[in-house]
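# Notes for the structure review
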Amino acid sequence: MYTIKNLTSQTGHVATETKGIFTIVEHDVDYSVSPANAQTEYFMSRMNVKRRQTVVNLDGSVGLILQAGAMQWMAGDVQATTGLKGVGDFLGKMVKGAVTKEAAIKPEYVGRGVLVTEPTYKYLLTENVADWSGGLVMEDGMFLACEGTVKHEIQARSSFSSVVAGNEGLFNLKLTGSGACVLESNVPRSEIVEVILDNDVLKIDGSFAICWSGSLQFTVERSGKTLVGSAASGEGLVNVYRGTGRVMLAPLTPSQSMFAATNMKNAK
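Residues numbered from 1 in each chain as written. Predicted model: local features only at pLDDT ≥ 70, side-chain atom pairs only at ≥ 80, totals over all residues. Heavy atoms only, no water.

### Re the confidence of the model for the protein
To be explicit about the condition: Every residue gets a pLDDT, meaning the predictor's confidence in that residue, from 0 to 100. Secondary structure elements follow DSSP: runs of H or I no shorter than four residues count as helices, runs of E no shorter than two count as strands, and numbering proceeds from the N terminus. Residue contacts are counted whenever heavy atoms from the two residues lie within 4.5 Å of one another.
Of the residues in the protein, 76% reach a pLDDT of 70 or more, and the chain-wide mean stands at 81. Put simply, helix α4 (residues 227-233) is where the protein has its lowest mean pLDDT, 44, and strand β7 (residues 123-128) is where it has its highest, 97. Scored below 50 in pLDDT, residues 258-268 makes 27 contacts in the model with residues more than four places away or belonging to other chains.

Printed below as a string of structure tokens:
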């Protein structure tokens, strides 16, 4: 038997989101600073630059799939496994990891207890995978955790034009099935714009989409009907999402510069 105190409170450690087995905790004020960086930490907190962690409550009914190296501590009867089901599964995960730039082997935790992830300055978003038609496709580096009922697949771009002309990767990680997941984002949920398409088209000038439904067709096309028209508009090529589904946009920060930012996970 174990007892955990001061993990979540109304003052220092505030629970901001809860979905499935996940609770997001935001450390509102970090007092463990030195005089040398106290001023910097103060202004960081004023700009909502705070450390956050995911608290996972395992009750034995569903497991946890976690990004490799993301576990900080756990209490209770919780065991870690590789989640591998054989040689074929291992080779398949190696291929997925190579093309999506994700860790090939993500540990799976099962049992009853509590697990807490490493603190990060990124924003942690919880989503229900079943709410995304055709699965939840995400930009590289966003996956942190999901329930064991969620499947990991590879989503290929609709055409090579999206790779060459759109400056995008050829493959993305896609989550399918049912269950909750946690994503790491450099953009808070309050700044994210969600566009819901019903057999319609969304055109974006730049890599501002961070997540989208797997049911959508993604291509790169000219902004105008002709080369002259595209040149006259000053836009050139745009990313096009066509069909029925959802797209989450971070309009203030392109995704490629977001995830190329310095990792502040363990910074003080």
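So much for the structure itself; the text now carries on.
### A word on the packing of aromatic side chains
We apply this condition: Note on aromatic pairs: the rings of Phe, Tyr and Trp (six-membered ring only in Trp) are paired at centre separations within 6.5 Å, and the planes decide the class, stacked below 30 degrees, edge-to-face beyond 60, tilted for the rest. Charge-over-ring contacts are defined here by two conditions on Lys NZ or Arg CZ: a distance within 6 Å of the ring centre and an angle within 35 degrees of the ring normal.
All chains considered together, the criterion is met by four aromatic pairs. Where Trp212 meets Phe218, the ring centres are 6.0 Å apart and the plane angle is 50 degrees; that geometry is what we call tilted. The structure contains a cluster of three or more aromatic residues connected by ring pairs, namely Trp212, Phe218 and Tyr241. Taking the ring centre of Trp132 as reference, the NZ or CZ of Arg246 above it sits at 4.0 Å.

### Concerning the environment of Asn199
The condition that has to hold: Buried, partly exposed and exposed residues are distinguished by accessible area as a fraction of the type maximum, computed with a 1.4 Å probe on protein chains only: under 20%, between the cut-offs, and over 50%, respectively.
With respect to the helices and strands, Asn199 occurs in strand β13 (residues 193-204). Look at Asn199 and you get exposed, because its relative accessible area is 65%. Separated by 46 residues in the primary sequence, Asn199 and Gly245 place their C-alpha atoms 8.2 Å from one another. If sequence neighbours within four positions are ignored, Asn199 has contacts with Gly243 and Thr244.

### Quick look at the pairing of strand β14 (residues 209-213)
Under the convention used in this document: A strand pair is defined by DSSP finding two or more bridges across the two strands.
Burial runs high along β14: five of the five residues are buried. Across three bridges, β14 lies against strand β16 (residues 237-249) in antiparallel orientation. What sits directly across from Trp212, in β16, is Val247.

### Description of the side chain of Thr23
Tracing the backbone shows Thr23 in strand β2 (residues 22-27). On the basis of relative accessibility, which here comes to 13%, the residue Thr23 falls in the buried class.

### Concerning the nonpolar core
Note the cut-off: To form a nonpolar core, buried Ala, Val, Leu, Ile, Met, Phe, Trp, Tyr and Cys residues must be joined to one another through side-chain atoms within 4.5 Å.
In this structure, Met138, Leu175 and Cys211 are the most contacted members of the largest nonpolar core, which totals 20 residues. Among the secondary structure elements, those contributing two or more residues to this core are β8 (136-138), β9 (143-147), β11 (171-177), β12 (180-185) and β14. Not counting residues up to four positions away in its chain, the partners in contact with Leu175 are Val129, Gly135, Leu136, Met138, Phe143, Val150, Lys151, His152 and Cys181. If you look at the next biggest cluster of nonpolar residues, it comprises 17 residues, including Phe22, Tyr109, Leu144 and Ala180.

### Here's the deal with the pattern of salt bridges
What counts here: A pairing counts as a salt bridge when a side-chain nitrogen of Lys or Arg comes within 4 Å of a carboxyl oxygen of Asp or Glu.
For the structure on display, the rule yields nine salt bridges. Lys50 is paired through a salt bridge with Glu26; the nearest N and O atoms lie 3.8 Å apart. Residue Lys50 is located in the loop between α1 (38-46) and β3 (52-59), and its partner Glu26 is located in strand β2; the two are separated by 24 residues in the primary sequence. Exposure remark for Lys50: the relative accessible area of 12% places this residue in the buried category. According to the relative accessible area criterion, Glu26 is buried, its value standing at 14%.

### Focus on unusual backbone geometry
Only a minority of non-glycine residues have a phi that is not negative, and only a minority of peptide bonds are not trans. Of note, Asn6 is a non-glycine position whose phi angle comes to about 65 degrees, a positive value. Topologically, Asn6 is positioned in the segment before β1 (13-19). With phi around 65 degrees, Asn48 is a residue other than glycine that occupies positive phi space. Looking at the secondary structure, you find Asn48 in the loop between α1 and β3. Given a relative accessible area of 27%, Asn48 falls into the partly exposed group.

### Comments concerning the environment of Leu115
Along the polypeptide, Leu115 turns up in strand β6 (residues 108-117). Residue class for Leu115 comes out buried when judged on its relative accessible area of 0%. Sequence-wise, Leu115 and Met71 are 44 residues apart; in three dimensions their C-alpha atoms are separated by 7.2 Å. Not counting the four nearest positions on each side in its chain, Leu115 is found in contact with Thr54, Val55, Val56, Leu64, Leu66, Met71, Trp73, Met74 and Tyr109.

### Digging into the side chain of Thr117
Let me state the cut-off plainly: Polar contact is the term for a pair of N or O atoms within 3.5 Å; when the atoms are in protein, one must be able to donate a hydrogen and the other to accept it, and sequence-neighboring residues count only if both atoms are side-chain atoms.
Along the chain, Thr117 falls in strand β6. Engagement of the side chain of Thr117 in a polar contact is seen with the backbone nitrogen of Thr54, the distance being 3.0 Å. Those residues within four positions of Thr117 in sequence are excluded, and the remaining contacts are Gln53, Thr54, Leu66, Ala70, Met71 and Gln72.

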